[in-house]
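# Breakdown of the fold
Each chain, letter by letter, is given below.
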Amino acid sequence: MRLLVVEDEVQLADALSEILKRNMYSVDTVYNGIDGLDNALTGVYDCIILDIMLPGMNGIEVLNNLRREHINSPVILLTARSEVEDKINGLDSGADDYLTKPFVTGELLARVRALTRRKGEIVDYNQMDFNGLTLRKDTCCVAWQGNDVKLSLKEYQIMELLISNPKRILPKERIIEKIWGYESDVEYNNIEVYISFLRKKLAAINAPVQIKTARGIGYSLEQEV
């Protein structure tokens, strides 16, 4: 999953980014409201962590612009202020949740998990499954019937994206946006290298699934027939 952190306290922003990355999220970090809005308008983020007090454009203005443009990414507002009126203003502007600084990072992670939960489903955020294939977040492994193999961070993120969209062709452009960011200069052959690694690891555990190539388009995760 791809997250955006918009926070002008550089030390806090970078610390949050590092914590989120350690928890297997792809993260973009910006330090003012204008850049935050520019990034968020791409619509590629699964969740946005947005400070209210920002230079250039405050968080409420960013949020109002996003909702006006029908960007429905979940938003967690951060602020040093604890007044009820500020919370009401933020939620009425379209925020999905609210945290007052200082906060415990474990609570932030829990709120991110809650906001990215699939509607109507009970989700184990430590595990994802596809036809018996299991992807585990705590060990960064993919497993099949007792056999497992360790994945690198990028391998894990690509596999997570594929399992989240079973049997759907994911365009290479979307994979780059979700994993590396929309301003990345990563080329298609980078994706092909990671897909090759994943195929070899799936074969090593005898998993009856395959990553199919849609020539000139992208990739999909399918059950072997």
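Residues numbered from 1 in each chain as written. Predicted model: local features only at pLDDT ≥ 70, side-chain atom pairs only at ≥ 80, totals over all residues. Heavy atoms only, no water.

### Comments concerning the packing of aromatic side chains
Summed over all chains, the structure comprises 2 aromatic pairs. Taking the centre distance of 5.9 Å and the plane angle of 45° together, the rings of Trp180 and Tyr194 count as tilted. Taken together, the residues span a long stretch of sequence, with Trp180 in the loop between α7 (172–179) and α8 (188–204) and Tyr194 in helix α8 at a distance of 14 residues. Judged by relative accessible area, which is 23%, Tyr194 ranks as partly exposed. Each ring, one from Tyr194 and one from Phe197, has its centre 6.2 Å from the other, and the planes form 90°; the classification is edge-to-face. On the criterion of helical spacing, the pair formed by Tyr194 and Phe197 is a turn pair, its members being 3 residues apart in helix α8. Members of the aromatic cluster, joined through ring pairs, are Trp180, Tyr194 and Phe197. Between Lys137 and the ring centre of Tyr25, over which it is positioned, the NZ or CZ distance is 4.0 Å. (Phe/Tyr/Trp six-rings, centres within 6.5 Å; stacked < 30°, edge-to-face > 60°. Helix = DSSP H or I, 4+ residues; strand = E, 2+ residues; numbered from the N terminus. Buried < 20%, exposed > 50% of the residue type's maximum accessible area, 1.4 Å probe, protein only. Lys NZ or Arg CZ within 6 Å of the ring centre and 35° of its normal.)

### What to know about the nonpolar core
One broad trend across soluble globular proteins is that nonpolar side chains are buried collectively. Counting 32 residues, the largest nonpolar core has Met159, Ile175 and Ile211 as its most contacted members. Looking at this core, the element that brings in the most residues is helix α6 (residues 153–164), giving 6 residues. Apart from residues lying up to four places away in sequence, Ile175 is in contact with Ile158, Leu161, Leu170, Trp180, Ile191 and Tyr219. With 21 residues, the next largest nonpolar core counts Tyr45, Ile71, Val75 and Tyr98 among its residues. (Core = buried A, V, L, I, M, F, W, Y, C linked by side-chain atoms within 4.5 Å. Contact = heavy atoms within 4.5 Å.)

### Let's talk about the packing of α6 against α8
Following both chains from N to C, one finds α6 and α8 inclined at 80°, their axes separated by 10 Å at the closest point. When the axis of α6 is compared with that of α8, the two are roughly perpendicular. For the pair formed by α6 and α8, the contact residues are Lys154, Glu155, Ile158 and Met159 on the first element and Tyr194, Ile195, Phe197, Leu198, Lys201 and Leu202 on the second. Here the contact of α6 with α8 is composed, by residue class, of 7 nonpolar, no polar and 3 charged. (Axes fitted to C-alpha atoms, helices over the stretch in contact; angles between N-to-C directions. Parallel < 35°, antiparallel > 145°, perpendicular 65-115°, else oblique. Nonpolar A, V, L, I, M, F, W, Y, C, P; charged D, E, K, R; others polar.)

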